[in-house]
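Descriptive structure summary
Chain by chain, the residues:
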Amino acid sequence: MIETVDLEAAVPDAAPGAGITIATGARFDTAHAEHWLQHATFTLTESATTDRRVITVASVPEALAEIAERCARWPQAAAICDDVLRAVDPGAPAWSGVVTESLAYSVLQAGPEFADWLAARGPTTVPKIADPLLLDRDGDTLRLRFNRPQRHNAFDNATRAVLLDGLAVAAADPAIDEVVLSGVGPSFCSGGDLAEFGGFTDVPSAHVARTRHSPALALDALTARLGARCRAEIHGQVLGSGLEMAAFCGWVRAHPATVLGLPELSLGLIPGAGGTVSVTRRIGRWRTAYLILSGRTVDAATALRWGLVDEIAS
């Protein structure tokens, strides 16, 4: 499924074939290399670089083997991830990208890889936690704080509903000129609550809910109005939907010990909270693809260097 291309090979350029293409090498100054830097799913190197199309790893052979194993285990999710990231235009309005992402996510929800994950997980009970999100207004500032610390602020439907209400308040009141999204307890948001996954079996209705009642789109609209005054203050685990929502904010400040990642592939899924738009806008489709296909997390320093966050808290 994975095609590999050597950036240093003196061969004519070609169009990428179907499937995932990973380029490797340290020479980026030839027409052949530039072609594949642009068209590959991403490029791996052991050299330091600032090129957003390239990921520096300790060992290219080890990284390739790890990614190949994951793509072989979840081939449908991996291929659809690559398709979506190539289809989404980060410069276009968020709506079209969120719809594209959600349609792909819906396909995978109905597929065998997600079904296998659900079967392995087994039955679960979603814990009911009072006040899953706290809203506080201080003058013209609205603070929204995830409040499920026992679950590392895992994002569930109850949290989503209150968050949408809070974002609607901010959208409707022009006097609110600052919105701050943060989390109580050890983590900002560790992603979707896995106990809730698979509970909504009506896949078309789930797509409609994701796109018509979307915190991602609400945050995107607030950022368009407020810029850096719509900000996320993140810490601890910032994974999956937690990272996807934070990345829509105009400014992201991270605690030095923050860990960031997109682990959805291991569920047979892709990001479903707008991350193919928000994360791609910040770091490009290449590094976004790496985060998803590798399952690797990055630390705050790497996130700052990539542009995934804007500041590390002192």
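Refer to the structure printed above.
Residues numbered from 1 in each chain as written. Predicted model: local features only at pLDDT ≥ 70, side-chain atom pairs only at ≥ 80, totals over all residues. Heavy atoms only, no water.

**Points about the packing of aromatic side chains**
We count it as follows: Planes of paired rings set the category: under 30 degrees apart is stacked, over 60 is edge-to-face and the rest tilted, where pairs are Phe, Tyr or Trp rings (Trp by its six-membered ring) whose centres lie within 6.5 Å. Throughout this description, buried means an accessible area under 20% of the type-specific maximum (1.4 Å probe, protein chains only), exposed means over 50%, and partly exposed covers the range between. Strands are runs of DSSP state E lasting at least two residues, helices are runs of H or I lasting at least four, and both sets are numbered from the N terminus onward.
Applying the stated rule across the entire model yields five aromatic pairs. Both rings, one in F146 and one in F155, keep their centres 6.0 Å apart while their planes meet at 85°; by these two values the pair is edge-to-face. We note that F146, like F155, is buried. Residues F146 and F188 carry aromatic rings whose centres are separated by 5.3 Å and whose planes lie at 75° to one another, so their mutual orientation is edge-to-face. Of the two residues, F146 sits in strand 6 (residues 141-146) while F188 sits in the loop between strand 7 (178-183) and helix 7 (203-212), which places them 42 residues apart along the sequence. Comparing F146 with F188, the two get one shared label, buried.

**Examining the packing of helix 3 (residues 75-87) against helix 4 (residues 94-109)**
For the record, the criterion: Each axis is a line fitted through C-alpha atoms, taken for helices only over the stretch in contact, and angles between the N-to-C directions span 0 to 180 degrees. Note that the term roughly parallel is reserved for angles under 35 degrees, roughly antiparallel for angles over 145, roughly perpendicular for angles of 65 to 115, and oblique for everything else. Only heavy atoms matter for contacts: two residues are in contact if any of them lie within 4.5 Å across the pair. Under the scheme applied, nonpolar residues are Ala, Val, Leu, Ile, Met, Phe, Trp, Tyr, Cys and Pro; charged residues are Asp, Glu, Lys and Arg; polar residues are all the others, including Gly.
Viewed as axis vectors pointing N to C, helix 3 and helix 4 meet at an angle of 170°, and their least axial separation amounts to 10 Å. Here helix 3 is positioned roughly antiparallel relative to helix 4, judged by the angle of their axes. Seen from helix 3, the contacting residues are Q76, A77, I80, V84 and A87; seen from helix 4, they are T100, E101, A104, V107 and L108. The class makeup of the residues in the contact of helix 3 with helix 4 is seven nonpolar, two polar and one charged.

**Let's talk about the pattern of salt bridges**
If charged atoms from side chains of opposite charge come close, those side chains can pair. Put simply, the test is: Whenever a carboxyl oxygen of Asp or Glu lies within 4 Å of a side-chain nitrogen of Lys or Arg, that contact is scored as a salt bridge.
For the structure on display, the rule yields 18 salt bridges. Across the salt bridge formed by R86 and D82, the nearest N and O atoms sit 3.1 Å from each other. Here the residue R86 and the residue D82 both occupy positions in helix 3, the gap between them amounting to four residues, near one helical turn.

Everything listed here is a matter of coordinates, which is why it stays silent on function.
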